Amino acid sequence: MVVVHVTDRLTGFLRDGQDALERDDGAAAVTAFTSALASVPPESGMTVALAMALANAHRLQGDVLQARGVLAGATAALPRASIEEAHALGAALIDAGAPLEASACFARVLSARPSDPAALGAMAAARRLLADPGQAWTLIQRALAIDAKHPALLFTAAQIRHDLGDLRGATRWLDAADAARPNHAPTRMQRAYTSLIAGASTEGWAAFESRALPVPVTRARAWQGEALAGQSILVTAEQGVGDQFQFVRFVPLLETRDAARVVVECHADAVGLFAANGLDAVPRGSATETDWHVPMMSLPHRLGLGDAVHGTRVPYLAAPSPADEASLPPRTSDARPRVGLVWSGNPAFPGRFMRDLSDAMLPTLVGFDGVQWISLQQGTKPDPDEATTNGLASLHSLAPQRDWSATAAMLASLDALVTTDTGIAHLAGAMGIRTWVLLQAVPDWRWGLSGGTTPWYPTLRLIRQKRAGDWKGVIAALHAELAGAFVRG
């Protein structure tokens, strides 16, 4: 009787969840699938399937972190899951940005099917996201030895060669992936990254158009570079906050096409900053009617800029007002420079394992006492006793900033910034702030593969890992540069 009762309840919850999805009510779907998952005992064998349904509902709500948490929790059921469920859960965890948990799923699959090329390829993808391209390459070679023409494996091989810094090899694998699966948008996007990391180019920008482009909810026509002849155009910011700070430099060039009005549709917390810098800025989704529309990151392509990144226009953003000095810690008696610090970015970003500095490395980083460290990291202010215990007593933490205008004001009040590859790096570069950017061995395409400078931002210094995961070497190099810049002999 109990089993029947639970089954009846489960059926009702699943029906409610499906009905909610069909009427596009994500919140109700989350509630229904949460109840469904809670209604079955862990040993029922249904945990993985229900967790994936709930995670999908969270993702449709735009809550990647909740989806990730639900899926990660489902790995406890791996011993009771089928091989097919384990693989599906691993794939979902990869999509949710949890490659460590995904590795456990694929290990379960490979323990039963050691020669499964799909599982080997999936494990290779997980190891790549865990900043282990060497192991990833070993795994994908094993997979390709079994199935040499599978397009997904060829695509993964191209990504891994890219992450190993082998751009020629990556291109060869992309050619093979294209031949096996023509017109595959992710393959075209990887080609864009592999092209652009070597430097901005006409070919790279053209391939970059393969990304998912924002579509306006208005009657605006797609602008491809035509003379605007006194008409209006909407420029839509896309992807992360850093992208809008990097690419907004191109917006004034639309005036050379005789635009009567240029509206910038940006992240809501950047509207005030852009407006204070003379832009006609509105939040994304405002449905502002214009004659034309263009995605912001398409401007280099559609303006025909080729390799011109207009780095000489820096600074092109400024803080609308100075920061309240009372919000900053007082200067030390020896007037050490105040240096902002950000060590991690958006936790929902899938590549955070490669890009972010772990908390464990912070005591070493702030161990350099020639500057006054000020945390601009978003999040809860740490407990002073805990900070002392963890060796972070020298790191002053500020309250989270309310928007990007406040962050810009804070940056303008500091002497310099040290950051990993996050949105604030691009804001600091756009403002002409002296900045050190700490980078993984093969970073995001915009930073290139080598060198300590970037044509995008002349005030930025790039400090790169010499090998994947070598943050100790990066910190040592940073300390040497800080000593040269600030320590008085």
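Parameters at a glance
- Residues numbered from 1 in each chain as written.
- Predicted model: local features only at pLDDT ≥ 70, side-chain atom pairs only at ≥ 80, totals over all residues.
- Heavy atoms only, no water.
- Salt bridge = Lys/Arg side-chain N within 4 Å of Asp/Glu carboxyl O.
- Helix = DSSP H or I, 4+ residues; strand = E, 2+ residues; numbered from the N terminus.
- Buried < 20%, exposed > 50% of the residue type's maximum accessible area, 1.4 Å probe, protein only.
- Pairing = 2+ DSSP bridges.
- Contact = heavy atoms within 4.5 Å.
- Axes fitted to C-alpha atoms, helices over the stretch in contact; angles between N-to-C directions.
- Polar contact = N/O pair within 3.5 Å; in protein donor to acceptor, adjacent residues only side chain to side chain.
- 1 Å grid on protein atoms, 1.4 Å probe; cavity = no way out; pocket = protein on both sides within 12 Å on 5 of 7 lines; lining within 4 Å.
- Points joined across faces, edges and corners; volume = space filled by probe spheres on them.
- Nonpolar A, V, L, I, M, F, W, Y, C, P; charged D, E, K, R; others polar.
- Parallel < 35°, antiparallel > 145°, perpendicular 65-115°, else oblique.
- Left-handed = near helix turned anticlockwise from the far one by under 90°.
- Phe/Tyr/Trp six-rings, centres within 6.5 Å; stacked < 30°, edge-to-face > 60°.
- pLDDT = per-residue confidence, 0-100.

### Considerations on the pattern of salt bridges
Right, so step 1: All chains considered together, the criterion is met by 20 salt bridges.
Right, so step 2: Here Arg113 and Glu84 are joined by a salt bridge, their closest N and O atoms 2.7 Å apart. Taken together, the positions of Arg113 in the loop between helix 6 (99-112) and helix 7 (117-129) and Glu84 in helix 5 (residues 83-95) put the pair 29 residues apart, joining distant regions of the chain.
Right, so step 3: Residue Arg113 is classed as partly exposed on the basis of its relative accessible area, which comes to 35%.

### Overview of the sheet that holds strand 5 (residues 292-295)
Right, so step 1: Sheet architecture is open: 5 strands sit in the order 1-5-2-3-4, paired in parallel fashion. The two strands at the open ends of the sheet, each matched to only one other strand, are strand 1 (221-222) and strand 4 (280-283).

### Regarding the environment of Val437
Right, so step 1: Tracing the chain through its elements places Val437 in strand 10 (residues 435-439).
Right, so step 2: Other than its neighbours up to four places away in sequence, Val437 contacts Thr419, Thr420, Asp421, Ala425, Leu460, Arg461, Leu462 and Ile463.

### Points about the sheet that holds strand 11 (residues 460-464)
Right, so step 1: Taking strand neighbours across the sheet as the criterion, the 6 strands line up as 8-7-6-9-10-11 in an open arrangement whose pairing is parallel. Here the strands that pair on one side only, and so sit at the sheet edges, are strand 8 (395-397) and strand 11. Recorded for the sheet is a direction-independent mean angle of 25° between the axes of neighbouring strands.
Right, so step 2: Both strand 10 and strand 11 contribute to a ladder of 5 bridges, which runs parallel. What sits directly across from Trp436, in strand 11, is Arg461.
Right, so step 3: Contacting strand 6 (338-342), strand 7 (372-375), strand 9 (416-420), strand 10 and strand 11, helix 21 (residues 471-486) runs over the sheet at an angle of about 170° to strand 10.

### Observations regarding helix 19 (residues 404-413)
Right, so step 1: The buried fraction of helix 19 amounts to 9 of the 10 residues, a majority that puts the element mostly inside the structure.
Right, so step 2: Among the residues of helix 19, Trp404, Ser405, Ala406, Thr407, Ala408, Ala409, Met410, Leu411 and Ser413 are the ones counted as buried.
Right, so step 3: Each element contacted by the buried residues of helix 19 is listed here: helix 13 (241-247), helix 14 (271-276), strand 6, strand 9 and helix 20 (423-431).
Right, so step 4: Sitting at the amino-terminal end of helix 19 is Asp403, which places a side-chain oxygen 3.1 Å from the backbone nitrogen of Ser405.

### Focus on empty space enclosed by the protein
Right, so step 1: Per the counting criterion, the structure on display carries 2 cavities of 30 Å³ or more.
Right, so step 2: The wall of the largest cavity is formed by Ala131, Pro133, Asp163, Met354, Gln440, Ala441, Val442, Gln465, Ala468 and Gly469.
Right, so step 3: In this structure, the second largest cavity spans a volume of roughly 30 Å³.
Right, so step 4: What lines the second largest cavity is Pro42, Gly45, Met46, Thr47, Val48, Ala77, Arg80, Ala81 and Glu85.
Right, so step 5: When grouped by side-chain class, the residues that make up the lining of the second largest cavity number 5 nonpolar, 2 polar and 2 charged.

### What about the packing of helix 6 against helix 7?
The packing of two helices is summarised by the inter-axis angle and the distance between the axes.
Right, so step 1: At a closest axis distance of 9 Å, the pairing of helix 6 and helix 7 adopts a crossing angle of 155°. Of the possible angle classes, the one that applies to helix 6 and helix 7 is roughly antiparallel. By crossing handedness, the relation of helix 6 to helix 7 is classed as left-handed. Residues Pro99, Ser103, Phe106, Ala107, Val109 and Leu110 of helix 6 form the contact with helix 7, whose participating residues are Ala119, Leu120, Ala122, Met123, Ala126, Arg127 and Leu129.
Right, so step 2: Taken together, the residues of the contact of helix 6 with helix 7 break down into 11 nonpolar, 1 polar and 1 charged.

### Things to note about the packing of aromatic side chains
Right, so step 1: Under the defined criterion, the tally for this structure stands at 15 aromatic pairs.
Right, so step 2: Consider the rings of Phe245 and Phe274, whose centres lie 6.0 Å apart with planes at 85°: the pair is edge-to-face. One end of the pair, Phe245, is in helix 13; the other, Phe274, is in helix 14, and 29 residues separate them in sequence.
Right, so step 3: On the numbers, 5.1 Å between centres and 75° between planes, the contact of Phe245 with Trp404 is edge-to-face. Taken together, the positions of Phe245 in helix 13 and Trp404 in helix 19 put the pair 159 residues apart, joining distant regions of the chain. Trp404 matches Phe245 in its accessibility class, with the two residues each being buried.

### Overview of the side chain of Thr435
Right, so step 1: Checked against the element boundaries, Thr435 lands in strand 10.
Right, so step 2: The exposure class of Thr435 is buried, given its relative accessible area of 1%.
Right, so step 3: A distance of 3.0 Å separates a polar atom in the side chain of Thr435 from the backbone oxygen of Ile433.
Right, so step 4: Setting aside residues no more than four positions away along its own chain, Thr435 makes contact with Leu417, Thr419, Ala428, Thr459, Leu460 and Arg461.

### Focus: the pairing of strand 5
Right, so step 1: Judged by which residues are buried, strand 5 turns out to be covered on both faces: Trp292 and Val294 on one side and His293 and Pro295 on the other are all buried.
Right, so step 2: Here strand 1 runs beside strand 5; their pairing, made up of 2 bridges, is parallel. Paired with Ala222 across the strands is His293, a residue of strand 5.
Right, so step 3: Of the pairings in the sheet, the one linking strand 2 (residues 232-236) to strand 5 comprises 4 bridges and is parallel in character.

### Considering helix 20
Right, so step 1: Burial within helix 20 is extensive, with 9 of its 9 residues counted as buried.
Right, so step 2: Those residues of helix 20 that sit buried are Gly423, Ile424, Ala425, His426, Leu427, Ala428, Gly429, Ala430 and Met431.
Right, so step 3: Gly432 lies just past helix 20 and shows a positive phi near 75°.

### Some words on the pairing of strand 7
Each regular strand carries side chains that alternate between the two faces of the sheet.
Right, so step 1: Burial of strand 7 is two-sided: the residues Gln372 and Ile374 facing one way and the residues Trp373 and Ser375 facing the other way are all buried.
Right, so step 2: Two strands pair when backbone bridges link them, and strand 7 and strand 8 are joined in this way by 3 bridges, in the parallel orientation. Along strand 8, the bridge assignment pairs Trp373 with Leu395.

### What about the confidence of the model for the protein?
Detail in the predicted coordinates should be disregarded across regions flagged by low pLDDT.
Right, so step 1: In the predicted model, the protein carries a mean pLDDT of 92, and the fraction of residues at 70 or more is 96%.
Right, so step 2: Low pLDDT, under 50, characterises residues 1-5; the predicted model gives this stretch 0 contacts beyond four residues in sequence or across chains.
Right, so step 3: Here residues 383-389 is modelled with pLDDT under 50, and outside its nearest four sequence neighbours on either side it reaches 3 contacts, counting other chains as well.

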